[in-house]
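What follows is the residue order along each chain.
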Amino acid sequence: MIVHGQRAKPARDLASFASIYCQNYHSANNKYHLEASQTQALPPPQVIPIPAPWKPPLTGTFKLNVDAAVDDKNNIIGVSALARDSNGCVMAALSMPAIGNFSSHEMEPKALFHSLN
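The structure presented is a predicted model; accordingly, all values stated were derived computationally and were not measured.

J.: Describe the sheet that holds strand β1 (residues 63-71), with residues and values.
T.: The strand order across the open sheet formed by three strands is β1-β2-β3, and the pairing between neighbours is antiparallel. Pairing within the sheet leaves two strands with one partner each, and these edge strands are β1 and β3 (90-99). Strand-to-strand twist across the sheet, computed as the mean angle between neighbouring axes with direction ignored, equals 10 degrees. Bridge count between β1 and strand β2 (residues 76-84): nine bridges; the pairing is antiparallel. Across the sheet, the residue bridging to Ala69 is Gly78, located in β2. Here helix α2 (residues 104-116) sits on the sheet in contact with β1, β2 and β3, set at roughly 125 degrees to β1.

J.: So what about the nonpolar core? Which residues, and what values?
T.: One finds Ala68, Ile77, Val79, Ala98, Met107 and Ala111 forming the largest nonpolar core, which totals six residues. Those elements that provide at least two residues to this core are β2 and α2. Setting aside anything within four residues of it in sequence, one finds Ala98 in contact with Asn75, Ile76, Ile77, Val79 and His114.

So, how was this worked out
Residues numbered from 1 in each chain as written. Predicted model: local features only at pLDDT ≥ 70, side-chain atom pairs only at ≥ 80, totals over all residues. Heavy atoms only, no water. Pairing = 2+ DSSP bridges. Helix = DSSP H or I, 4+ residues; strand = E, 2+ residues; numbered from the N terminus. Axes fitted to C-alpha atoms, helices over the stretch in contact; angles between N-to-C directions. Contact = heavy atoms within 4.5 Å. Core = buried A, V, L, I, M, F, W, Y, C linked by side-chain atoms within 4.5 Å. Buried < 20%, exposed > 50% of the residue type's maximum accessible area, 1.4 Å probe, protein only.

On their own, these measurements won't tell you what the molecule is for.
Dropping the structure here:
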């Protein structure tokens with residue numbers, strides 16, 4: 001593994017680092033839960049909705065999924081699109097930057113515009 005142009009680290013060093021990091025995380029997490037349970041009841045876990053699974057289009061047609069993200073600092077949006085057939089095979093893909101800083105309800109139509117072009 002090479003990070004930011006540095007020399008590669010031996011695999012055993014990376015494995016050791018990951019193992020120690022995980023042990024420290026679990027130790028801190030367990031300590032937090034013990035302290036929290038002694039002082040106050042933990043809040044109930046939040047229910048996070050599971051997104052609906054992707055469904056393929058009808059046979060002989062394509063489905064176009066688009067998305068967009070914004071980089072406020074640089075005044076750029078990232079646009080992506082994926083066209084798949086009824087078997088889920090990718091037929092076309094797009095990923096590109098576009099100049100602008102749009103609100104969320106404007107970015108997805110912008111992504112659709114660029115993907116259809």
